[in-house]
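Single-letter residue listing:
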Amino acid sequence: MNSIYNSKLIFSDERKHRIMRHLLFWGIWGFYFSMIRFLNPIMLSNTGHFDFFLKSIVEGFINLLPQLFLAYPLLYFILPRYVFNGKYIKAFGWFIVFLFLCFSVNVCLLIYIPRYLPTYFPRELKLFEGKSLMDKLTLAYLSSLQGAITGAAIAGGFKMVKHYYLKDMRNQQLQRENTESQLQLLKAQVHPHFLFNTLNNIYSQTQVESPKGSKMIMGLSDILRYILYEGQKPLVPLKQELLMITEYINLEKLRYGNKLDVHVLTPDSAEDLYIAPLILIPFVENCFKHGTSNMLQNPWINLIVELKDNLLVMKLMNGKAPLNGNIRKNPGIGINNVRQRLDLLYKDKHDLQIREEDEVFVVDLKIELVRIKNQDLANPTQTQPNIAYA
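Definitions and limits used
- Residues numbered from 1 in each chain as written.
- Predicted model: local features only at pLDDT ≥ 70, side-chain atom pairs only at ≥ 80, totals over all residues.
- Heavy atoms only, no water.
- Helix = DSSP H or I, 4+ residues; strand = E, 2+ residues; numbered from the N terminus.
- Buried < 20%, exposed > 50% of the residue type's maximum accessible area, 1.4 Å probe, protein only.
- Contact = heavy atoms within 4.5 Å.
- Areas by Shrake-Rupley, 256 points an atom, 1.4 Å probe, with all protein chains shown as cover.
- Pairing = 2+ DSSP bridges.
- Patch = residues over 30% accessible without salt bridge, like charges linked within 9 Å, V, L, I, M, F, W, Y side chains within 5 Å.
- Salt bridge = Lys/Arg side-chain N within 4 Å of Asp/Glu carboxyl O.
- Phe/Tyr/Trp six-rings, centres within 6.5 Å; stacked < 30°, edge-to-face > 60°.
- Axes fitted to C-alpha atoms, helices over the stretch in contact; angles between N-to-C directions.
- Expected span 1.5 Å × (residues − 1).
- Bend = angle between axes of the 7 residues up to and from the residue.
- Core = buried A, V, L, I, M, F, W, Y, C linked by side-chain atoms within 4.5 Å.
- pLDDT = per-residue confidence, 0-100.

(A) Up close: the overall build of the protein. In terms of helices and strands, the protein carries 15 helices and 8 strands. Taken over 390 residues, the protein has a buried fraction of 38%. Relative to all contacts within the protein whose residues are 6 or more apart in sequence, the contacts with residues 24 or more apart total 72%. Accessible surface, the protein: about 23500 Å² in total, of which carbon and sulfur atoms supply 60%.

Below, the structure is given as structure tokens:
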């Protein structure tokens, strides 16, 4: 039980654990800083005794404050935005900026606080006594080196350990998910060729007797082929995924006839962009399953997919039957599954907003896609970690 709690305290992102983790770190580091000040050999040699312990604690924690201006930008800006994304030169540049900020705050404390709290900072007051402003600044910046970089380095080290531990856990979870998906896929692929051959036979029989039915069978065959074969791959071309969605919508349009009002806008070119297969189709399927199928009059769907460099922006809206009172249906299994897949495959690289209004269901999705050049297609798995672990 204690090991589970300790693991949560170190790695959990829950608010209470994060607060406790930070308080524990700064408490230990501040106490260490205070003990160094308390056990000062110069004080012992000059006075024959160490300084007052509580006074050293107050001084130590006040001197700790400037380190916050380096540690927290490092933890929540430099590391996640630059270091973890391999932008080391920019990370170093920002580190120098915040290091100078940290030193500047510390200089202000060292120069001005002893004037107002001489009892607590007699050493600093004596150090700067009779010095010019330039000499004070020089001494203050030199003394600012004490502990600031060390404290930020220790905090950053904990952050990196946590980041790579969680990354490894996500990797293991993704492998388990892939294994389970492959098992389910194997169960569904008992006789895929038999299924396709049967569909082709039915298609041949219905070409003359029912052209509309044969067209639906051919569309279904294409969709099943994509799900069974392309769905196993870690990545597929975006244009192939969008084509499958278009075929699915066309199949539904045949079923609804002229009753369904559909507007679909997809990019003409999506060269070199790849996406995890079957990540978009559940949203479209949900429109027909829970939206248009329940509308007696004027069912409609509006799908817009845009590309902004590597960013895919999808806006999907569909009409739905008015809600009864304040009742809200829980999301379906398909939507919950795709949420989990997005969290696994595009961690911190996607934004999904779903809102349900009285007569409209809206999905706003943004995904940062990966671009693979032709020469990289021989080994596409090299790009997979960049997708799965943001």
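(B) Inspection of the sheet that holds strand β8 (residues 370–371) at higher detail. Taken in spatial order, the 3 strands line up as β1-β3-β8 in an open sheet, and their pairing is antiparallel. Of all strands in the sheet, those bounded by a partner on one side alone are β1 (236–237) and β8. Here strand β3 (residues 273–275) pairs with β8 via 2 bridges, running antiparallel. Looking at β8, one finds that Tyr274 is bridged to Val370.

(C) Focus on a nonpolar patch on the surface. A surface patch of nonpolar side chains, amounting to about 310 Å² of accessible area, comprises Leu65, Leu68, Phe69 and Leu101. By the element assignment, Phe69 lies in helix α5 (residues 68–83).

(D) Looking closely at the packing of aromatic side chains. Following the criterion strictly, the structure yields 10 aromatic pairs and no others. Measuring from ring centre to ring centre gives 6.1 Å for Trp26 and Tyr72, while their planes differ by 35°; the resulting arrangement is tilted. Taken together, the residues Trp26 in helix α2 (residues 15–38) and Tyr72 in helix α5 connect sequence positions 46 residues apart. Summarising the aromatic geometry, the rings of Trp29 and Tyr32 are spaced 5.3 Å apart at their centres and angled 25° between planes, so their arrangement reads as stacked.

(E) The arrangement of the sheet that holds strand β2 (residues 261–265) in detail. Pairing within the open sheet is mixed, and its 5 strands lie in the order β2-β4-β5-β7-β6. Looking at the sheet topology across the chains shown, the edges are occupied by β2 and β6 (350–356). Neighbour-to-neighbour, the strand axes of the sheet open up by a mean angle of 5°, direction not taken into account. Direction of pairing for strand β5 (residues 311–319) relative to strand β7 (residues 360–368): antiparallel, over a ladder of 9 bridges.

(F) A look at α5. The terminal C-alpha atoms of α5 lie 19 Å apart, and with 16 residues this falls more than 12% below the ideal 22 Å at 1.5 Å per residue. If you look at α5, its biggest bend is around 50°, right at Leu74. When α5 is considered as a whole, its buried residues turn out to be Leu70, Ala71, Pro73, Leu74, Leu75, Ile78, Leu79, Tyr82 and Val83.

(G) Expanded view of the nonpolar core. Core analysis: the largest hydrophobic core is formed by 44 residues, its most contacted members being Ile275, Leu280, Phe283, Met314, Leu316 and Ile367. Listing elements by their share of this core, those giving two or more residues are α11 (211–229), α12 (238–256), β3, α13 (281–290), β4 (300–308), β5, α14 (333–345) and β7. No other element matches α12, which puts 8 residues into this core. In terms of nonpolar packing, the next biggest core, distinct from the first, is built from 14 residues, Leu79, Tyr82, Leu99 and Phe103 among them.

(H) Fine view of the pairing of β5. Where β4 lies against β5, 8 bridges are found, and the strand directions are antiparallel. Within the sheet, the bridge partner assigned to Ile301 lies in β5 and is Asn318. In this structure, the hairpin formed by β4 and β5 is closed by a connection of 2 residues, where Asp309 is found at a positive phi of approximately 60°.

(I) Spatial organisation of the environment of Met35. With respect to the helices and strands, Met35 occurs in helix α2. Given the relative accessible area of 23%, Met35 is considered partly exposed. Put simply, Met35 and Ile57 are 22 residues apart on the chain and 7.6 Å apart in space, counted from C-alpha to C-alpha.

(J) View of the confidence of the model for the protein. Of the residues in the protein, 68% reach a pLDDT of 70 or more, and the chain-wide mean stands at 75. Between residues 380–390, whose pLDDT stays under 50, and residues either more than four places distant or in other chains, the model counts 27 contacts.

(K) Highlighting the environment of Cys287. Following the sequence through the fold, Cys287 ends up in helix α13. Judged by its relative accessible area of 2%, Cys287 falls in the buried class. Considering only alpha carbons, one finds Cys287 and Val363, 76 residues apart in sequence, at a separation of 9.8 Å.

(L) Region of interest: unusual backbone geometry. Of note, Leu278 is a non-glycine position whose phi angle comes to about 60°, a positive value. Position of Leu278 relative to the elements: it lies in the loop between β3 and α13.

(M) Layout of the pattern of salt bridges. Taken as a whole, this structure holds 4 salt bridges when the rule is applied. The partner of Lys315 in a salt bridge is Asp364, and the shortest N-O contact between them spans 3.0 Å. Of this pair, Lys315 sits in strand β5 while Asp364 sits in strand β7; the two residues are 49 residues apart in sequence, bridging distant segments of the chain. Salt bridges sharing partners connect three or more residues here, namely Lys315, Arg355, Glu357 and Asp364.

(N) The arrangement of the pairing of β4 in detail. Across 5 bridges, the pairing between β2 and β4 is parallel. Within the sheet, the bridge partner assigned to Leu265 lies in β4 and is Ile304.

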